[in-house]
Amino acid sequence: VNGSPFYEFGFRIPLQKINWLQVTGDITVQALCIIGNGPASGAGGAKGAGLLMSSTQENLPPMLGPPILHPILPFKAMIPGGMIPKRTVIMKGLVNSNAKNFQISFKVGYTNDIALHINPRLNKNTLIRNSFINGTWGEEEKDVVKNPFHQGEHFDISIRSGEKQYKVYVNGYHCFNYPHRLTNLQQVDTLEADGDIKLCFVHF
């Protein structure tokens, strides 16, 4: 739960007989993804299943379509409408056991300016954030209370755009904020990822 082990429940029914999932109660399901070695389904015939549930919270833009399952790196995708305020991007994956670094970038497609570049450097135990504007890198930000990325471990990243800054959560916990250096958020319409990771789920 939220990136940490919670509970183990022993099997009481043979696994091959379990073929339905039901969610009920006082929650709003925004997105659901079943990841595993089941029949091929989802984007590009990836193994697993994905189900999109549009958010019912007022004033939140809806998620823009079905999740992308098990994309190949380097990964690149368009974000229709750009990273407008309250838009959220969710990425789940696995850091390679011998990982040195990886990158996630939110870019302006037609200029290649980078509004937000997230660069965990596992070999240096740092988490770099920066922007690349008009051909020049800006000042790096690297302060975090705790670096949540580790070799051989799964991660769950949520990047939400606000009026003045991006808010980034990792494994359910707030990791850092990043003030907007490019203020025309509609132009930030491209998501890229590459490096020493395996992605299993991307949704925006």
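What counts and what doesn't
- Residues numbered from 1 in each chain as written.
- Predicted model: local features only at pLDDT ≥ 70, side-chain atom pairs only at ≥ 80, totals over all residues.
- Heavy atoms only, no water.
- Pairing = 2+ DSSP bridges.
- Helix = DSSP H or I, 4+ residues; strand = E, 2+ residues; numbered from the N terminus.
- Patch = residues over 30% accessible without salt bridge, like charges linked within 9 Å, V, L, I, M, F, W, Y side chains within 5 Å.
- Areas by Shrake-Rupley, 256 points an atom, 1.4 Å probe, with all protein chains shown as cover.
- Salt bridge = Lys/Arg side-chain N within 4 Å of Asp/Glu carboxyl O.
- Buried < 20%, exposed > 50% of the residue type's maximum accessible area, 1.4 Å probe, protein only.
- Phe/Tyr/Trp six-rings, centres within 6.5 Å; stacked < 30°, edge-to-face > 60°.
- Core = buried A, V, L, I, M, F, W, Y, C linked by side-chain atoms within 4.5 Å.
- Contact = heavy atoms within 4.5 Å.
- Polar contact = N/O pair within 3.5 Å; in protein donor to acceptor, adjacent residues only side chain to side chain.

A. Structural view of the sheet that holds strand β4 (residues 75-78). Taking strand neighbours across the sheet as the criterion, the six strands line up as β4-β13-β6-β7-β8-β9 in an open arrangement whose pairing is antiparallel. Either end of the sheet is taken by a strand with one partner, and the two such strands are β4 and β9 (136-137). Bridging between β4 and strand β13 (residues 188-195) involves four bridges; their strand directions are antiparallel. Bridged to Lys76 within β13 is Glu192.

B. Here's a closer look at the pairing of strand β12 (residues 173-179). Sheet topology note: the strand β11 (residues 165-170)/β12 ladder contains six bridges and is antiparallel. Note that in β12 the partner of Gln165 across the bridge is Pro179. Hairpin connection from β11 to β12: two residues lie between these consecutive antiparallel strands, with Asn171 at a positive phi of about 55°.

C. Local environment of a nonpolar patch on the surface. Taken together, the side chains of Val1, Phe6, Tyr7 and Phe9 define a hydrophobic patch exposed on the protein surface, amounting to about 570 Å² of accessible area. With respect to the element layout, Val1 can be found in the segment before β1 (31-34). What makes Val1 exposed here is its relative accessible area of 62%.

D. Seen up close, the packing of aromatic side chains. Using the criterion set out here, one finds five aromatic pairs in the structure. Between the aromatic rings of Phe102 and Phe155, the centroid separation amounts to 5.7 Å while the plane-to-plane angle is 15°, which identifies the pairing as stacked. With Phe102 in strand β6 (residues 102-108) and Phe155 in strand β10 (residues 154-161), this pair connects stretches of sequence that are 53 residues apart. Its relative accessible area of 0% is what places Phe102 among the buried residues. Owing to a relative accessible area of 4%, Phe155 belongs among the buried residues under this scheme.

E. Quick peek at unusual backbone geometry. In this model, Leu73 is joined to Pro74 through a cis peptide bond whose omega is -5°. By secondary structure assignment, the location of Pro74 is in the loop between β3 (68-69) and β4. Even without being glycine, Lys86 reaches a positive phi, approximately 80°. Of note in this structure, Asn125 is not a glycine but carries a positive phi near 50°. When you line up the elements, Asn125 lands in the loop between β7 (114-121) and β8 (126-133).

F. Representation of the environment of Ile84 within the structure. With respect to the helices and strands, Ile84 occurs in the loop between β4 and β5 (88-95). Looking at Ile84, the relative accessible area reads 24%, which means it is partly exposed.

G. The arrangement of the nonpolar core in detail. Counting residues in each nonpolar core, the largest one holds 36 residues, and the members touching the most others are Ile104, Phe106, Tyr166 and Leu191. Looking at this core, the element that brings in the most residues is β6, giving four residues. If we skip the residues at most four places from it in the chain, Tyr166 touches Met83, Ala115, Leu116, Ile159, Arg160, Ser161, Phe176, Asn177, Tyr178, His180, Leu185 and Val188.

H. The sheet that holds β5, seen in detail. Ordered in space as β3-β14-β5-β10-β11-β12, the six strands form an open sheet in which the pairing is antiparallel. Lying at the two open borders of the sheet, with one neighbouring strand each, are β3 and β12. Taken together, the seven bridges between β5 and β10 define a ladder with antiparallel strand orientation. Looking across to β10, one finds that Val89 is bridged to Ile159.

I. Structural context of the side chain of Lys107. Position of Lys107 relative to the elements: it lies in strand β6. According to the relative accessible area criterion, Lys107 is buried, its value standing at 11%. A polar atom in the side chain of Lys107 sits 3.2 Å from the side chain of Asn112.

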